[in-house]
Amino acid sequence: MLDVPFLPFSAFLGALGLLCVAMVGTWCQHWRGGFSLDGSSRTFNWHPVLMVTGLVVLYGAAALVYRIPHTWSGPKLPWKVLHGSLALGAFVLTVLGLAAVFCFHNSQGTPNMYSLHSWMGLATVLLFSCQWAAGFGAFLLPWAPTWLRALYKPIHVFFGSTILMLSVASCMSGINEKLFFSLKNGTMAYKLLPAEAVFANTLGLLILIFGVLVVAALARPSWKRPDSDSPDSRQPLLSAER
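Residues numbered from 1 in each chain as written. Predicted model: local features only at pLDDT ≥ 70, side-chain atom pairs only at ≥ 80, totals over all residues. Heavy atoms only, no water.

Attention shifts here to the packing of helix H3 (residues 46-63) against helix H6 (residues 146-182). For the pair H3 and H6, the least separation of the axes is 10 Å and the interaxial angle reads 150°. Crossing hand, H3 versus H6: left-handed. Within the contact between the two elements, H3 uses Met51, Val52, Leu55, Val56 and Tyr59 and H6 uses Phe159, Gly160, Ile163, Leu164, Ser167, Val168 and Cys171. A per-class count over the contact of H3 with H6 returns 10 nonpolar, 2 polar and no charged. (Axes fitted to C-alpha atoms, helices over the stretch in contact; angles between N-to-C directions. Helix = DSSP H or I, 4+ residues; strand = E, 2+ residues; numbered from the N terminus. Left-handed = near helix turned anticlockwise from the far one by under 90°. Contact = heavy atoms within 4.5 Å. Nonpolar A, V, L, I, M, F, W, Y, C, P; charged D, E, K, R; others polar.)

Here it is in structure tokens:
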């Protein structure tokens, strides 16, 4: 990996994430008819926007909190809270995104959970929920002993990257599935690569690049927070001591 300072890299990554959110919003607004809560296809349009925003971009930001050099000194607890809060925000947006697609399917009489995209997406969300609950219990509650946190930490880190890549794969398969379902007529068939297809395919590639760069940043040794044995590094959110 090129020797790029973390802060310029993170600024680029933030801009890329915002671009992904802007593009998925533009796609749904310009080509798919906009947004509503009436159970129509415009209700479905909330699904890709919320999933890309929560399950990819906000989740990626949560994953990179401990790579910020300012987190390497001073109290660790505020950064734990920020990490957990960003992940919780991503989870809330994800649940709302699931609600949107289920609402659309149910109002249209469309079966739920029949495609590979839906299976992979739901598995990702379930894994994410388990990851957040386990992380909260291990790192922010007072009951977890130090040895358990040390044992669980590499597992938490591994599944953090795994969930992000599953999220990226789910979003890309969802974009592809939506294009196949939507672009069917003779003049706008997907195989003819109309403007919407080019735009959405580009969005999928940008989401992939975002995910790969986040995982690369997480894997770079020089950007990892140095291990600390200080008491504060092991301090839970709800400390038993008063």
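Moving on, there is more to tell.
Axis angle and axis distance: for two packed helices, these are the angle between their axes and the distance between the axes, and together they describe the pair. At a minimum axis separation of 10 Å, H6 and helix H7 (residues 195-219) run at an interaxial angle of 175°. One finds that H6 runs roughly antiparallel with respect to H7. Taken together, the residues of the contact of H6 with H7 break down into 16 nonpolar, 4 polar and 1 charged. (Parallel < 35°, antiparallel > 145°, perpendicular 65-115°, else oblique.)

It is worth spelling out H3 at this point. Taking 1.5 Å as the rise per residue, H3 with 18 residues should run 26 Å; its terminal C-alpha atoms sit 24 Å apart, in good agreement. Thr53 marks the point of greatest bend in H3, at about 25°. Of all 18 residues that make up H3, 14 are buried, and the element is covered over most of its length. (Expected span 1.5 Å × (residues − 1). Bend = angle between axes of the 7 residues up to and from the residue. Buried < 20%, exposed > 50% of the residue type's maximum accessible area, 1.4 Å probe, protein only.)

So, about the nonpolar core. One finds Leu203 and Ile207 to be the most contacted residues of the largest nonpolar core, which totals 43 residues. The set of elements that each furnish at least two residues to this core consists of helix H1 (6-31), H3, helix H4 (77-108), helix H5 (116-139), H6 and H7. Dropping the residues within four chain positions of it, Leu203 is found in contact with Cys20, Met23, Val24, Trp27 and Ile175. (Core = buried A, V, L, I, M, F, W, Y, C linked by side-chain atoms within 4.5 Å.)

With 24 residues, H5 should cover 34 Å at 1.5 Å per step; its first-to-last C-alpha distance of 34 Å lies within 8% of that length. His117, Ser118, Gly121, Thr124, Val125, Phe128, Gln131, Gly135, Gly137, Ala138 and Phe139 are the residues of H5 that are buried. Packing partners of the buried residues in H5 comprise H3, H4 and H6.

Right, let's get into the environment of Val24. The residue Val24 is located in helix H1 in this model. Placed 175 residues apart in sequence, Val24 and Phe199 show a C-alpha to C-alpha distance of 9.3 Å. Those residues in contact with Val24, other than ones at most four positions away along the chain, are Pro48, Val49, Val52 and Leu203.

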